[in-house]
Amino acid sequence: MRRLWPVADPDPLSDEDIVAAYPTPDGQRLLRVNFVSSVDGAVTLEGRSAPLGGPGDRRVLGLLRVNCDAVLVAAGTVRVEGYSPLRTGEDRQRMRAERGRTPDPVLVLVTRRLGFDPADPRFTLAPQRPVIVTTEGTATRVGGRFAEVADVIGVGTEDVDLAAALDALAERGLVHVLCEGGPHLLGSLIDADLVDEICLTVAPKLVGPGPGRIVAGPPTAVRELSLAHILAAEDELFLRYTRA
Ligand SMILES: NC(=O)c1ccc[n+]([C@@H]2O[C@H](COP(=O)([O-])OP(=O)(O)OC[C@H]3O[C@@H](n4cnc5c(N)ncnc54)[C@H](OP(=O)(O)O)[C@@H]3O)[C@@H](O)[C@H]2O)c1
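Here is what the cut-offs are and how they apply
- Residues numbered from 1 in each chain as written.
- Predicted model: local features only at pLDDT ≥ 70, side-chain atom pairs only at ≥ 80, totals over all residues.
- Heavy atoms only, no water.
- Pairing = 2+ DSSP bridges.
- Helix = DSSP H or I, 4+ residues; strand = E, 2+ residues; numbered from the N terminus.
- Right-handed = clockwise from strand over helix to strand, strands pointing away.
- Axes fitted to C-alpha atoms, helices over the stretch in contact; angles between N-to-C directions.
- Salt bridge = Lys/Arg side-chain N within 4 Å of Asp/Glu carboxyl O.
- Buried < 20%, exposed > 50% of the residue type's maximum accessible area, 1.4 Å probe, protein only.
- Near = heavy atom within 4 Å.
- Areas by Shrake-Rupley, 256 points an atom, 1.4 Å probe, with all protein chains shown as cover.
- Nonpolar A, V, L, I, M, F, W, Y, C, P; charged D, E, K, R; others polar.
- 1 Å grid on protein atoms, 1.4 Å probe; cavity = no way out; pocket = protein on both sides within 12 Å on 5 of 7 lines; lining within 4 Å.
- Points joined across faces, edges and corners; volume = space filled by probe spheres on them.
- Phe/Tyr/Trp six-rings, centres within 6.5 Å; stacked < 30°, edge-to-face > 60°.
- Contact = heavy atoms within 4.5 Å.

(A) Here's a closer look at the pairing of strand S6 (residues 151-154). In terms of strand pairing, strand S5 (residues 131-134) meets S6 through 4 bridges, oriented parallel. Within the sheet, the bridge partner assigned to valine 133 lies in S6 and is isoleucine 153. In this fold, S5 hands off to helix H6 (residues 136-142), which returns the chain to S6; that crossover is right-handed.

This is the structure in structure tokens:
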């Protein structure tokens, strides 16, 4: 992997270099979003994101997890991508420890309906107690079933109030949050103007018509971004944009 912008770098980047290229502000909150898209804008291939990304994408995803307190992910993505408990390898646990972080990030699941089973290994085998973010009504109705395996935060009535959810996470010390999707959650985050940074892997593929984009749901306001870097590995590009 090499740096193309702001300064073209002929030397391959180490894992440490890559983590340093995605900094987190000391003592300040950050919501970083990470997605992969084909060149023609598809967010999935054969219904999932995994076949879109190559080894470079998997490497960046793993290293972004080094530098976060929590991984925020919506129910649809958890179901389709088959999220297993967030368990970090030894090398990356060491990298997390060097940054004063817990060995593994906390999984934060966003759901309106909370149609999950508390006996699901995603909860029971999680190395860090997961957090479920849902509406007040759902938290009252079914939150109690998850009391043994997760913390349940109920905020908002129709939809989860994502600003209040991030406040509640920050109160628990989860200040650097990595959002891994999916498109409906990103739509809500853009609408609420909560996205501080978006990292996009451009996968060297033309998928053709059919799949959705990285964002879905009702229209939102336009948000302006500034380009922070471009990395490249083989034919994949890794774009990092921050709030303008
Ligand atoms: N290319 C990539 O990088 C990437 C990344 C992630 C996902 N994906 C793909 O995206 C697809 C899944 O997308 P999706 O349309 O199902 O979107 P999603 O955003 O992953 O999930 C939608 C579900 O999440 C919950 N949710 C999302 N936003 C919410 C909000 N503001 N308030 C309350 N609940 C909220 C709801 O869960 P309940 O139904 O439980 O109420 C909703 O039905 C999969 O095919 C996956 O492969 C691609």
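(B) Main features of the sheet that holds strand S3 (residues 70-74). In space, the 10 strands of this open sheet follow the order S1-S9-S10-S8-S2-S7-S3-S4-S5-S6, with mixed pairing throughout. Strands with a single pairing partner mark the edges of an open sheet, and in this sheet they are strand S1 (2-5) and S6. With direction set aside, neighbouring strand axes in the sheet form an average angle of 25°. Looking at chain direction, strand S9 (residues 225-233) and strand S10 (residues 236-243) are connected through 8 bridges and run antiparallel. Considered in S10, the bridge of isoleucine 230 is made with leucine 239.

(C) Highlighting the pattern of salt bridges. What the rule picks out here adds up to 16 salt bridges. A salt bridge links arginine 101 to aspartate 69; the nearest nitrogen and oxygen atoms lie 2.7 Å apart. With arginine 101 in the loop between helix H4 (90-98) and strand S4 (106-110) and aspartate 69 in the loop between helix H2 (55-64) and S3, this residue pair connects regions lying 32 residues apart in the sequence. By the burial criterion, arginine 101 is buried, and aspartate 69 matches it.

(D) Representation of the site of the ligand in the model. As a structural note, the neighbourhood of the ligand is formed by 27 residues, with Val43, Thr77, Glu81, Thr111 and His184 the closest of them. Protein chains bury 88% of the 910 Å² of accessible surface belonging to the ligand in isolation. Counting residues per element, the ones that place at least two in the shell around the ligand are strand S2 (30-38), helix H3 (75-81) and helix H8 (183-191). Looking at the shell around the ligand, the element that brings in the most residues is H3, giving 6 residues. When grouped by side-chain class, the residues that make up the shell around the ligand number 11 nonpolar, 10 polar and 6 charged.

(E) Looking closely at the layout of surface pockets. Estimates place the volume of the second largest pocket at around 590 Å³. Lining the second largest pocket we find 27 residues, and of these Leu186, Ile190, Ile198, Ile214 and Leu225 sit closest to its centre. For the lining of the second largest pocket, the secondary-structure elements that each account for two or more residues are H8, strand S8 (197-203) and S10. At 4 residues, H8 tops the list of elements feeding residues into the lining of the second largest pocket.

(F) The packing of aromatic side chains, seen in detail. This model, assessed by the stated rule, comprises 2 aromatic pairs. When the ring of phenylalanine 116 is compared with that of phenylalanine 123, the centres are 6.3 Å apart and the planes differ by 85°; the resulting orientation is edge-to-face. Ring centres of phenylalanine 123 and phenylalanine 146 lie 5.6 Å apart, and the angle between their planes is 75°; on these two criteria the pair is classed as edge-to-face. With phenylalanine 123 in helix H5 (residues 121-124) and phenylalanine 146 in the loop between H6 and S6, this pair connects stretches of sequence that are 23 residues apart. Take phenylalanine 123 and phenylalanine 146: they sit in the same class, and that class is buried.

(G) Examining the side chain of asparagine 67 more closely. Topologically, asparagine 67 is positioned in the loop between H2 and S3. Residue classification places asparagine 67 among the buried residues on the basis of a relative accessible area of 7%. Apart from residues lying up to four places away in sequence, asparagine 67 is in contact with Val19, Tyr22, Pro23, Thr24, Arg32, Arg99, Arg101 and His176.

(H) A look at the environment of alanine 232. Tracing the backbone shows alanine 232 in strand S9. In the structure, alanine 232 is positioned 176 residues away from glycine 56 in sequence and 8.3 Å away in space, judged by C-alpha atoms. Beyond its immediate stretch of four places on either side in the chain, alanine 232 contacts Met1, Arg2, Leu4, Leu237 and Phe238.

Everything listed here is a matter of geometry and, on its own, says nothing about what the molecule does.
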